[in-house]
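# A look at the structure
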Amino acid sequence: MPDITVAVAATVALIVGIAIGYLVRRYLAASNTKHAESYAERLMADARAKQKELVLEAKDDALKVQRAAEEEAREKRADLQRQERLLLDRSENLDRKVDAVERRETTFEERQRELEEEKTRLAALQQRQLAELERVSGLTAIEARQNLIQLISDEAEAEAHQRVRAIERRAQEEGEERARSVLTTVMQRIAADHTSETTVTVVPLPSEEMKGRIIGREGRNIRALEQATGVDLIIDDTPEAVVLSGFDPVRREVARMALTKLISDGRIHPGRIEETVAKCRAEIEVVMRQAGEQAAYDAGVPGLHPELIKLIGRLKYRTSYGQNVLNHCVETARLSGLLAAEIGANVAESKKGGLLHDIGKAIDHEVDGPHAQIGGDIAKRYGINAVVCNAIAAHHQEVEQESIEATVVQIADAISASRPGARGESLDNYVKRLDDLQQIALSFPGVERCYAIQAGREIRILVRPESLDDLASSRLARDVVKKIEEQLQYPGQIKVTVIRETRAVDFAR
């Protein structure tokens, strides 16, 4: 019974709770609904307010854009109006200019017609004047023109010749004074002695009996010596002497040294000759290298290639007209340096060109061609710069000189070669040069006689006075000078004097 009561009570309580919960949930749902509706109304109100604000802002922006567009349109209209006014002004200006040009064309055509009429009138007048001049002078217009041209040409030629002579005289006076000063200064600073060297090597013998030992049995010793050295031994009636003949001075020196050692040693046979010649050849190589190094040091030209040093040393045994070529090269280098310093040229390049200018003579018997060209090729092969190579190749004017240093080397070479006692000249060459000078002078028309005097340093030309006047005599002197410079090679300078003598002869009877 109690359990039923409890169950009933629980059931009633449960029903009551459910009913109360339902009522409470319904109340809460109603209140939430009201709250949500009020919140939604507030949101709608805010949205309508913002919508109004956005609409207003959009209207304001649209109004601003419209105003800016209207302002821009007004400015563009104003700009177009200004451009239109400018175009109108330019069109009016062009119209005015076209009118002015048309008026000028009209005026020009009128003046051109007047000018043509004036030309026609002047041409007719000129023809009448020309006809009158031809009638009065007795010459045609062509003849008169030719006479006038010839007269003007002769006057211009005479005046030009006078001016040329005055300019040449002034330039020669100034140039000779300057050149004399420079060359005197340089030559005073180089006061080297000169001794002419012979080109024949003579080996003295202690006795006549030594000649037989040099020849050997059936000539085997002399043949072995000639074959080993490449020179000829001349054993003649010259007492106690043997002559060595050979084109190569180095071989000749090797033969001299070898023969001297063999004579002093006394043992002369083919085996000993070959051994001695080989030793002497090695000694000569050392001597030549030392001579080349000493020459480069004396000339003040450092840094040369070893092969160039060796070739310079070979010149120790080479002579030119009796002058030792190595000494000549060293002196030329020193002269070139002094000349370059005096006139402002490159001293180092001038010295190098002076030292190497005759380097081709060391091998000119082995290579075809002039020694100046050979020397230029050798210098180029061993890295010498182009200026020095040109100075070497052009020192005899066989190629064109390209720098002042080339001229300096040529002058220094001439000074060293032409100083008194420096070189000897054979009688045949001397006579041939005099004869060539006279033949050149006699090859010109109007020359009556000519004489080469002062050892070929001057040539005097006598002309026929009826064939040449004073102006033609001056031209003749210049033409002879040019032909001598083109055809002859000579040291120093040659003076050309043209003499025109007019004699008046009469007899009293």
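Reference entry: report on the structure contained in this document. (Residues numbered from 1 in each chain as written. Predicted model: local features only at pLDDT ≥ 70, side-chain atom pairs only at ≥ 80, totals over all residues. Heavy atoms only, no water.)

### Looking at the overall build of the protein chain
The helix and strand inventory of the protein chain stands at 14 helices and 8 strands. In the protein chain, which comprises 509 residues, the share counted as buried stands at 29%. Pairs at least 24 residues apart make up 61% of the contacts formed inside the protein chain by residues separated by at least 6 positions. (Helix = DSSP H or I, 4+ residues; strand = E, 2+ residues; numbered from the N terminus. Buried < 20%, exposed > 50% of the residue type's maximum accessible area, 1.4 Å probe, protein only. Contact = heavy atoms within 4.5 Å.)

### Description of helix α4 (residues 220-229)
Taken together, the buried positions of α4 are N221, I222, A224, L225 and T229. Buried residues in α4, looked at end-on, bunch into an arc of 160°, giving them a common side. Those residues of α4 that are buried are in contact with α3 (209-215), β2 (232-234), α5 (249-265) and α6 (270-299). Where α4 terminates, the next one or two residues include G230, which has phi positive at roughly 80°. (Arc of directions from axis to C-beta.)

### Section: the sheet that holds strand β3 (residues 241-245)
Spatially, β1-β3-β2 is the arrangement adopted by the 3 strands of the open sheet, whose pairing is antiparallel. Only two strands of the sheet have a single partner each, and these edge strands are β1 (201-204) and β2. If you compare each strand with its neighbour and ignore which way they point, the axes differ by 30° on average. In the sheet, β1 pairs with β3 via 4 bridges, with the strands oriented antiparallel. In the strand pairing of β3, V203 is matched with V242. (Pairing = 2+ DSSP bridges. Axes fitted to C-alpha atoms, helices over the stretch in contact; angles between N-to-C directions.)

### A word on the sheet that holds strand β8 (residues 495-500)
Read from one edge of the open sheet, 3 strands run β6-β7-β8, paired in mixed fashion. One side of each edge strand has no neighbouring strand; the edge strands of this open sheet are β6 (447-453) and β8. Going across the sheet, the axis of each strand differs from the next one's by a mean of 20°, ignoring polarity. Of the pairings in the sheet, the one linking β6 to strand β7 (residues 458-463) comprises 6 bridges and is antiparallel in character. Residue pairing in the sheet places I453 in a bridge with E458 of β7. Lying on the sheet, helix α14 (residues 470-487) is in contact with β6, β7 and β8; it crosses β8 at an angle near 155°.

### Notes on α14
Because each turn of an α-helix spans 3.6 residues, side chains separated by three or four positions in sequence point in the same direction. Between its terminal C-alpha atoms α14 stretches 26 Å, which fits the 26 Å expected from 18 residues at 1.5 Å a residue. Where α14 is concerned, the buried positions are A472, S473, S474, L476, A477, V480 and I484. (Expected span 1.5 Å × (residues − 1).)

### Description of the packing of helix α9 (residues 347-356) against helix α11 (residues 386-393)
Where α9 contacts α11, the two axes come as close as 9 Å, and the packing angle between them is 40°. With respect to α11, the axis of α9 lies oblique. Handedness of the α9/α11 crossing: right-handed. Residues E349, K352, G353 and L356 of α9 touch α11, and the partners they reach there are V387, V388 and I392. Classifying every residue of the contact of α9 with α11 by side-chain character gives 4 nonpolar, 1 polar and 2 charged. (Parallel < 35°, antiparallel > 145°, perpendicular 65-115°, else oblique. Left-handed = near helix turned anticlockwise from the far one by under 90°. Nonpolar A, V, L, I, M, F, W, Y, C, P; charged D, E, K, R; others polar.)

### A closer look at a nonpolar patch on the surface
Taken together, the side chains of I4, V8, V12, V16, I20, V24, Y27 and L28 present a nonpolar region at the surface, about 750 Å² in accessible area. Assignment of secondary structure puts V12 in helix α1 (residues 2-137). (Patch = residues over 30% accessible without salt bridge, like charges linked within 9 Å, V, L, I, M, F, W, Y side chains within 5 Å. Areas by Shrake-Rupley, 256 points an atom, 1.4 Å probe, with all protein chains shown as cover. Salt bridge = Lys/Arg side-chain N within 4 Å of Asp/Glu carboxyl O.)

### Focus on unusual backbone geometry
Even without a glycine there, the phi angle at E218 is positive, about 55°. Looking at the element boundaries, E218 is found in the loop between α3 and α4. We classify E218 as exposed; its relative accessible area is 72%.

### Overview of the packing of aromatic side chains
What describes a pair of aromatic rings is the distance from one ring centre to the other and the angle between the planes of the rings. Overall, the coordinates contain 0 aromatic pairs when judged by the stated rule. Sitting over the face of the ring of F444, K483 holds its NZ or CZ atom 5.3 Å from the ring centroid. (Phe/Tyr/Trp six-rings, centres within 6.5 Å; stacked < 30°, edge-to-face > 60°. Lys NZ or Arg CZ within 6 Å of the ring centre and 35° of its normal.)

### Overview of a negative patch on the surface
Among the surface-exposed residues, D89, E92, D95, D99, E102, E105, E109, E110, E114, E116 and E117 lie close enough to one another that they form a single negatively charged patch. Its location among the elements puts E114 in helix α1. The exposure class assigned to E114 is exposed, which follows from its relative accessible area of 51%. (Lys, Arg positive; Asp, Glu negative; His and termini not counted. Charge placed at Lys NZ, Arg CZ, Asp CG, Glu CD.)

### Looking at the pattern of salt bridges
This model, assessed by the stated rule, comprises 16 salt bridges. Linking K76 and E72 is a salt bridge whose minimum nitrogen-to-oxygen distance equals 3.5 Å. With K76 and E72 both in helix α1, this residue pair falls 4 residues apart, about one helical turn. In this structure, D79 and R82 form a salt bridge, with 3.5 Å as the shortest nitrogen-oxygen distance. Of the two residues, D79 and R82 both sit in helix α1, 3 residues apart, roughly one turn of that helix. The partly exposed category is assigned to D79, whose relative accessible area is 32%. Here the residues in one salt-bridge network are D265, R267, R272, E275 and K279, joined through shared partners.

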